[in-house]
Amino acid sequence: MRLAVVGPGRVGTALATLWVRRGAGDLLGFLGRSDASVAEALRVAAAGRALAAADLQEADVVLVTTPDGGLAAVVEGLADSGVSAGALWVHCSGLLDLEVLKSAQQAGAAIGALHPVCPIPDAATGLRDLPGQPAVLQGDAGVEPRLRALAERLGLEPLWLGAADRRRYHAACALAANGGTALFALAERLLVRPPAAGGCGMAAADARRVVAALLRTAVASAERVGPGTALSGPARRGESVVIAQHLDALAEDATARSAYRALSLAAVELAVASGALDAAAEHALRRLLDGPTS
């Protein structure tokens with residue numbers, strides 16, 4: 001199987017390099033707007049060559065990993081000269097639907113989406129973290145076997161999404177990844193800030209260890225037994241007094257207080273769904289958390 005990558009950024013470079021290192025097939029190379037970015041991707045992958053549009057016709061699989069905003073235009077510009085009938089064209093965006101690949105499909109390609117469920121801030125991190133992670137797939141039913149095989153060759157775990165709204169899917173992913181990172185930073189900040197500034201005055205390294213331990217344990221438990229069973233804390237126990245004390249303690253930090261309210265309301269919903277809260281406790285917590293924001 002011959003692979004070509006359009007867009008030699010961090011995602012394209014990481015996936016292409018995995019392809020090479022796992023012996024999944026031949027890497028034809030990279031097509032990009034910048035000679036420098038193509039050269040860097042070739043250096044990291046240690047295989048392939050700089051491609052022109054017509055060279056894409058040699059590929060069995062074309063990964064399009066350009067930025068979301070210009071992806072459809074890039075594919076449209078390549079459709080006349082770069083598509084061979086029967087090739088599989090795949091984008092790796094979490095947000096975009098398959099419409100952005102329509103011009104390649106009209107030129108004879110099969111199309112699909114493969115979204116690696118793993119933050120990839122740079123190619124080196126992607127190479128380290130991608131193996132074994134899920135890859136969420138979308139496409140026509142006839143393309144599913146080819147997409148699954150592609151994910152498996154890359155060392156990813158294929159998960160089929162079907163016809164879901166990509167915006168909702170991407171919002172959920174952003175909430176988990178970016179929201180989780182922001183929550184880490186917010187909790188760490190509260191621990192590190194000096195007491196006079198509304199914090200606890202903890203050493204930065206110690207604060208990071210505390211937050212990491214709590215989040216790591218919570219995520220592992222939710223993965224193992226489900227979030228409803230894994231949930232702990234005052235919202236699950238219906239402890240209005242404790243939550244009121246927390247809100248009072250956060251009065252000087254509007255961002256932390258707002259985040260605490262929103263996440264505690266989500267915890268209340270989870271506790272109710274799991275049968276941990278009765279109606280009276282739920283009402284008391286909602287009244288407290290839905291109250292004035294300052």
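In case you missed it, the structure is sitting above this.
Residues numbered from 1 in each chain as written. Predicted model: local features only at pLDDT ≥ 70, side-chain atom pairs only at ≥ 80, totals over all residues. Heavy atoms only, no water.

J.: How should I be thinking about the packing of helix 11 (residues 240-249) against helix 12 (residues 254-273) in this particular structure?
T.: What describes two packed helices is the angle between their axes and the distance between those same axes. Viewed as axis vectors pointing N to C, helix 11 and helix 12 meet at an angle of 155 degrees, and their least axial separation amounts to 9 Å. Accordingly, the angle class assigned to the pair helix 11 and helix 12 is roughly antiparallel. Counting all contacts with helix 11, which are made through Ile243, His246, Leu247 and Asp248, the residues of helix 12 involved are Arg257, Tyr260 and Arg261. Along the lines of polarity and charge, the residues of the contact of helix 11 with helix 12 split into three nonpolar, one polar and three charged. (Axes fitted to C-alpha atoms, helices over the stretch in contact; angles between N-to-C directions. Helix = DSSP H or I, 4+ residues; strand = E, 2+ residues; numbered from the N terminus. Parallel < 35°, antiparallel > 145°, perpendicular 65-115°, else oblique. Contact = heavy atoms within 4.5 Å. Nonpolar A, V, L, I, M, F, W, Y, C, P; charged D, E, K, R; others polar.)

J.: Would you explain the sheet that holds strand 3 (residues 49-50) in this entry?
T.: Strand pairing within a sheet occurs via backbone hydrogen bonds; the two strands may be parallel or antiparallel. The sheet built from eight strands is open, its strands ordered 3-2-1-4-5-6-7-8 with mixed pairing. The outermost strands of the open sheet, each flanked by one partner alone, are strand 3 and strand 8 (157-160). Here strand 2 (residues 26-31) pairs with strand 3 via two bridges, running parallel. In the sheet register, Gly29 faces strand 3, and the bridge partner there is Arg49. Sheet contacts for helix 2 (residues 35-45): strand 2 and strand 3; angle to strand 2, the most-contacted strand, approximately 160 degrees. The strands that helix 3 (residues 71-82) touches are strand 1 (2-6), strand 2, strand 4 (61-64) and strand 5 (88-91); relative to strand 5, the one it contacts most, it runs at about 165 degrees. (Pairing = 2+ DSSP bridges.)

J.: Can you walk me through unusual backbone geometry in this structure?
T.: Backbone phi values are negative for most residues with the exception of glycine, while trans is the configuration of most peptide bonds. Look at Ala46: it is not a glycine, yet its phi comes out positive at around 55 degrees. The residue Ala46 is located in the loop between helix 2 and strand 3 in this model.

J.: What is the right way to read the pairing of strand 8 from this model?
T.: Within a regular beta strand, the side chains point alternately toward one face of the sheet and then the other, so they alternate between its two faces. Pairing geometry for strand 7 (residues 134-139) and strand 8, over four bridges, is parallel. By the bridge assignment, Val136 is partnered in strand 8 with Leu159. The parallel pair strand 7 and strand 8 is bridged by helix 6 (residues 144-153), and the resulting crossover is right-handed. (Right-handed = clockwise from strand over helix to strand, strands pointing away.)

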